[in-house]
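# Chain and residue survey
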Amino acid sequence: MSPPPPAAVESTINFEGHPSIKSTQDPLVKKLNLTTDTIVRHNAAPPTLYEDGLLEKGTTISSTGALMAYSGKKTGRSPSDKRIVDEETSSNHIWWGPVNKQVDELTWKISRSRALDYLRTREKLFVVDAYAGWDPRYRIKVRIICARAYHALFMTNMLIRPTEEELKNFGEPDFTIYNAGQFPANVHTKGMTSSTSVEINFKDMEMVILGTEYAGEMKKGIFTVMFYLMPIKHKVLTLHSSCNQGVDKGDVTLFFGLSGTGKTTLSADPNRKLIGDDEHCWSDNGVFNIEGGCYAKCLDLSQEKEPEIFNSIKFGAILENVVYDPVTKVVDYSDSSITENTRCAYPIDFIPSAKIPCLADTHPSNIILLTCDASGVLPPVSKLTNAQVMYHFISGYTSKMAGTEEGVTEPQATFSACFGQPFLVLHPMKYAQQLSDKISEHKANAWLLNTGWVGASVAQGGKRCSLKYTRAILDAIHSGELSKVEYEKFPVFNLNVPKSCPGVPSEILNPTKAWTGGQESFQKEIESLGKKFNDNFVKYSDQATAEVQEAGPTV
């Protein structure tokens, strides 16, 4: 026998999942101007979002219980279509240029109206209320309004879920995302270069998404907001980093690194508690995660190499743009025919070693800058001075490997300021100076780890540094042993390189000794890389001190 239908609500709007909404006088209803029998899923539970998600084209359930969704034509972020509204309250703070493109307030109003008009036509809408930031002193209240269940479940996973009591008293959000990604931007509007537009208005504290269904735009939009709000409003440093904490000593380590350098893998250490894998803030009280979930890359994922991530792909998680067997629904993680950027989003408490709540009331003891150097000339580990931290932090170097982007057929040197250039709002030097000040104040050690090639470049047949050795280096850093060994100066980059490290062959620690192709070949490679560093740094030198500029390579 079927259960009785739910009691009718006092509204033309059909609300489910949020008993506090009773009538069309509700602020959310008035703001959206919903006048039809729209179904609104407000803070719906994952099972409900599964039911709705399965009605969307291309969405199904994997053999392990994760919801598999397809993001449409866009399978990654669209940084060239990200815009910030040029308005009087924020314009003087913003680092205008290729990262932060200006859009005027009239264009913003057009895009916002276009998004809201589209959302009003939907038979069903999804609303998610959640927090960004685990420290209650700094967290912001976020509301997402979207038309896809997949997007709602994604943000339910990626942000911090309020308790029932907190939801009752949630009130008006501090920041709102209108995700109308299924609907294109108007290409004839001033400033538009395509049918995709991701626009942020710091005065209105709103974001509009048009022309892309890639869920990561919402996650990184919130990150961009934190990169603006935290330093400006609270003097808190926002960082594109992962973070973990020792179980016994309680020591905190921050990991910075671009895609493919090992940031997520190395921070997911079974002997340490995971605070977060991607976005953090460093305040006067310690470090806190911005997010309530993880967004891990899935290409070539295996249970053997990354068991914690692999085992998190279960009911409640979302797999994005993966290829799977149509009969068994078993995912082929090696198949990149849809995109190299296959992803999984899951709540952080799916990781057994996660520290809940995701914050530490102690300051970092170690700062790790990760790079994957395909030229094979950077040492596996170097100890950095304060000026070198700022230089390498602003540089944000790694090698972009072949196949990661269309047209990339061989490794390319790539630089991303502060290891998160697409999300920066202020000038990179402002974040670098804050980081330097905090390292000095709390006497943290800073290290540059190369997880890339040793002995020779990838083109010359070098081998990638074994993960076993990188983990041994990290263990020596955490135990304090690596700070006690003898060091030597590494040429051109002027780095301090250890002569020994427990568990690591001494011959690979200094590339000048490990190089197999002769010193002339080595000198050519290292000077070539050093020149690329210096050429990249020119665009930041106007705000860099002489000490920081001198911390770069000597070519």
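Looking at an unreviewed UniProt entry, the chain carries the name Phosphoenolpyruvate carboxykinase (ATP), with the source organism given as Candida parapsilosis.

### Comments concerning the environment of Ser 80
Assignment of secondary structure puts Ser 80 in the loop between strand 4 (67-69) and strand 5 (82-85). On the basis of relative accessibility, which here comes to 46%, the residue Ser 80 falls in the partly exposed class. Residues Ser 80 and Ser 197, 117 residues apart in the sequence, show an inter-C-alpha distance of 8.9 Å. In this view, Ser 80 contacts Lys 101 and Thr 193; residues no more than four positions away in its chain are not counted.

### Brief notes about the pattern of salt bridges
In total, this model carries 24 salt bridges according to the counting rule given. The salt bridge partner of Asp 117 is Arg 120, with a shortest N-O separation of 2.9 Å. Of this pair, Asp 117 and Arg 120 both sit in helix 3 (residues 105-120), three residues apart, which is roughly one turn of the helix. For Asp 117, a relative accessible area of 45% gives the class partly exposed. Between Lys 219 and Glu 279 there is a salt bridge, with its nearest N and O atoms 3.2 Å apart. In this pair, Lys 219 sits in helix 6 (residues 216-234) while Glu 279 sits in strand 15 (residues 279-283), placing the two residues 60 residues apart along the sequence. Residues Lys 219 and Glu 279 agree in their burial class; the two are buried.

### What about the packing of aromatic side chains?
How two aromatic rings sit relative to each other is given by the distance of their centres and the angle of their planes. Summed over the entire model, instances satisfying the criterion amount to 23 aromatic pairs. With 6.3 Å between their ring centres and 50° between their planes, Trp 95 and Tyr 540 make a pair best called tilted. Taken together, the residues span a long stretch of sequence, with Trp 95 in the loop between strand 5 and strand 6 (101-103) and Tyr 540 in the loop between helix 13 (519-537) and helix 14 (546-549) at a distance of 445 residues. Residue Tyr 540 is classed as buried on the basis of its relative accessible area, which comes to 1%. Here the aromatic rings of Trp 515 and Phe 522 are separated by 5.3 Å at their centres, their planes lie at 65°, and the arrangement is edge-to-face. Taken as a pair, Trp 515 and Phe 522 share a single burial class, namely buried. Ring pairs connect the aromatic residues Trp 95, Tyr 391, Tyr 397, Phe 415, Phe 493, Phe 533, Phe 537 and Tyr 540, which therefore count as one cluster. Over the ring of Tyr 131 we find Arg 139; its NZ or CZ atom is 3.8 Å from the centre of that ring.

Rules and cut-offs
- Residues numbered from 1 in each chain as written.
- Predicted model: local features only at pLDDT ≥ 70, side-chain atom pairs only at ≥ 80, totals over all residues.
- Heavy atoms only, no water.
- Helix = DSSP H or I, 4+ residues; strand = E, 2+ residues; numbered from the N terminus.
- Buried < 20%, exposed > 50% of the residue type's maximum accessible area, 1.4 Å probe, protein only.
- Contact = heavy atoms within 4.5 Å.
- Salt bridge = Lys/Arg side-chain N within 4 Å of Asp/Glu carboxyl O.
- Phe/Tyr/Trp six-rings, centres within 6.5 Å; stacked < 30°, edge-to-face > 60°.
- Lys NZ or Arg CZ within 6 Å of the ring centre and 35° of its normal.

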